Amino acid sequence: MLSVVNTVRDLRAALLAWREAGDTVGFVPTMGALHRGHIALVEQARKATKRVVASIFVNPLQFGPQEDLAKYPRQLEADRKMLADAGCDLLFTPTPEEMYPNGAVTKIDPGPLTGMLEGAFRPGHFTGVATVVVKLLLQVMPDAAFFGEKDYQQLLVIRRIVQDLNIPVHIVGVPTVRDTDGLALSSRNAYLSPEDRQRAGALPRVMQETIAHILEGADIEKTLKAGQEKLRQAGFSSVDYLELADATGLSPLRAMNTPARLLAAARMGSTRLIDNMAVDRP
Ligand code: PAF
């Protein structure tokens, strides 16, 4: 049975009973508009811990002034049902006032990882993510928290803040769930028109081709440029980046000598899509 709470006080009261019974707690933070990717996080949490808590909070602090905060999809009833069906025990749905009483001034700056890739295109985004994630972790105090690899840089930022701030939680990265054409599931895919949705399948396709060329030993700089061009030809109006980066620190790589990740952000119509893949020999 899924219970729903919307204050920190009620959340903590519900968690106390489980803690007293010795139950372990897994936590899945989300911004709602749930899809199979989120449900995969809940399923992982269910395997790892006795109780599963999810949160739905569209965090204003991580949206830039020109971004989609107002139109971000909100569908609480459908989300509630999906979480109940997936076996989630508790849903926390705080209001912005509950999360940021009196505006809240304390912010978490996660350092250099925020200046590159997504951070360079979305100033302030990772400070907003880090701040809300630290607050949620301190509110829930879970044994483990589950994040999608789809937001790879976010996952690295969260691992880093948890390490730096000695927050006693195990961070689990869960592989990206993809549609049949390879497009990574994302709440923002709902913005795409049917034509754009079809064209968007070029993103994972071009990324896979790019990875194959890099592993064959092609010149990395030229291959990345060619990949960007292919994305534009496939209908993406702009490509913020298609970058090969070191998989732990995200610095750009021009030789394949460490575990690497290919990361991309591109705009289809007015929708900005991101994706990333491991660059490994099969
Ligand atoms: O990945 C998300 O949905 C959000 O960035 C998160 C981690 C829930 C923080 O608002």
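A brief report on the enclosed structure follows.

## Topic: the packing of aromatic side chains
Thought 1: Following the criterion strictly, the structure yields three aromatic pairs and no others.
Thought 2: Relative to Tyr100, the ring of Phe57 has its centre 6.1 Å away and its plane inclined at 50°; by these criteria the two rings are tilted. Here Phe57 is found in the loop between β3 (51-56) and α3 (76-85), whereas its partner Tyr100 is found in the loop between α4 (96-99) and α5 (118-121), with 43 residues between them in sequence. No difference in accessibility class separates Phe57 from Tyr100, as the two residues are buried.
Thought 3: Arranged with centres 5.9 Å apart and planes meeting at 40°, the rings of Phe121 and Tyr241 form a pair that is tilted. Taken as a pair, Phe121 in helix α5 and Tyr241 in strand β7 (residues 238-246) lie far apart in primary sequence, 120 residues in all.
Thought 4: Cation over ring: Lys71 sits above Tyr191, and NZ or CZ is 4.3 Å from the ring centre.

## Considerations on the site of the ligand
Thought 1: Around the ligand sit Pro29, Thr30, Met31, Gln62, Val132, Val133, Phe147, Asp151 and Gln154, and that is every residue in its neighbourhood.
Thought 2: Between an oxygen atom of the ligand and a side-chain N or O atom of Gln62, the distance comes to 2.6 Å.
Thought 3: Gln154 is positioned with one of its side-chain polar atoms (N or O) 2.7 Å from an oxygen atom of the ligand.
Thought 4: In the complex, the protein chains occlude 88% of the 290 Å² of accessible area that the ligand would expose alone.
Thought 5: Breaking the shell around the ligand down by element, the ones donating at least two residues are β2 (25-30) and α6 (125-140).
Thought 6: Residue composition of the shell around the ligand, grouped by class: five nonpolar, three polar and one charged.

## Details of unusual backbone geometry
Thought 1: The phi angle at Met141 is positive, at roughly 50°, despite the residue not being glycine.
Thought 2: Within the element layout of this structure, Met141 appears in the loop between α6 and β5 (144-148).
Thought 3: Unusually for a residue other than glycine, Leu250 sits at a positive phi of about 65°.
Thought 4: Mapped onto the secondary structure, Leu250 falls in the loop between β7 and β8 (260-268).
Thought 5: Owing to a relative accessible area of 2%, Leu250 belongs among the buried residues under this scheme.

## Focus: the sheet that holds β7
Thought 1: Read from one edge of the open sheet, three strands run β7-β8-β9, paired in antiparallel fashion. This sheet does not close on itself; its edge strands, each paired only once, are β7 and β9 (271-279). With strand direction ignored, the average angle separating the axes of adjacent strands in the sheet is 10°.
Thought 2: As paired strands, β8 and β9 are joined by nine bridges and run antiparallel to one another. Looking across to β9, one finds that Leu262 is bridged to Met277.
Thought 3: Helix α9 (residues 202-215) rests against β7, β8 and β9 of the sheet, and its axis sits at about 30° to β9.

## Some words on the packing of α6 against helix α7 (residues 152-164)
Thought 1: Interhelical geometry of α6 versus α7 gives an angle of 55° and a closest axis separation of 10 Å. Between α6 and α7, the angle is such that the two are oblique. Classified by chirality, the crossing of α7 by α6 is right-handed. Across the interface between the two elements, Phe126, Val129, Ala130, Val133, Val134 and Leu137 from α6 touch Gln153, Gln154, Val157, Ile158, Ile161 and Val162 from α7.
Thought 2: Counted by class, the contact of α6 with α7 contains 10 nonpolar, two polar and no charged residues.

## Focus on the pattern of salt bridges
When the charged atoms of two side chains with opposite charge come close together, those side chains can pair.
Thought 1: Scanning all chains against the criterion turns up 20 salt bridges.
Thought 2: Salt-bridge contacts for Arg199 lead to Asp196; the nearest nitrogen and oxygen are separated by 2.6 Å. One end of the pair is Arg199 and the other is Asp196, both in helix α8 (residues 194-200) and three residues apart, which spans about a single turn.
Thought 3: In this structure, the salt-bridge partner of Lys230 is Glu209, at a minimum N-O distance of 2.9 Å. A residue pair is termed long-range when its members are at least 10 positions apart, and Lys230 in helix α10 (residues 220-233) and Glu209 in helix α9 qualify at 21 residues.
Thought 4: Under the relative-accessibility criterion, Glu209 is labelled partly exposed at 31%.
Thought 5: A network of salt bridges, in which partner residues are shared, links Arg36, Asp179, Asp181 and Arg197.

## Remarks on the environment of Val129
Thought 1: Along the chain, the position of Val129 falls in helix α6.
Thought 2: Considered as a pair, Val129 and Arg9 are 120 residues apart in the sequence and their alpha carbons are 22 Å apart.
Thought 3: With residues up to four places along the chain from it excluded, the contact list for Val129 reads Asn59, Gln62, Gln154 and Ile158.

Thresholds applied
- Residues numbered from 1 in each chain as written.
- Predicted model: local features only at pLDDT ≥ 70, side-chain atom pairs only at ≥ 80, totals over all residues.
- Heavy atoms only, no water.
- Phe/Tyr/Trp six-rings, centres within 6.5 Å; stacked < 30°, edge-to-face > 60°.
- Helix = DSSP H or I, 4+ residues; strand = E, 2+ residues; numbered from the N terminus.
- Buried < 20%, exposed > 50% of the residue type's maximum accessible area, 1.4 Å probe, protein only.
- Lys NZ or Arg CZ within 6 Å of the ring centre and 35° of its normal.
- Near = heavy atom within 4 Å.
- Polar contact = N/O pair within 3.5 Å; in protein donor to acceptor, adjacent residues only side chain to side chain.
- Areas by Shrake-Rupley, 256 points an atom, 1.4 Å probe, with all protein chains shown as cover.
- Nonpolar A, V, L, I, M, F, W, Y, C, P; charged D, E, K, R; others polar.
- Pairing = 2+ DSSP bridges.
- Axes fitted to C-alpha atoms, helices over the stretch in contact; angles between N-to-C directions.
- Contact = heavy atoms within 4.5 Å.
- Parallel < 35°, antiparallel > 145°, perpendicular 65-115°, else oblique.
- Left-handed = near helix turned anticlockwise from the far one by under 90°.
- Salt bridge = Lys/Arg side-chain N within 4 Å of Asp/Glu carboxyl O.

Interpretation in functional terms is not warranted from these geometric data alone.
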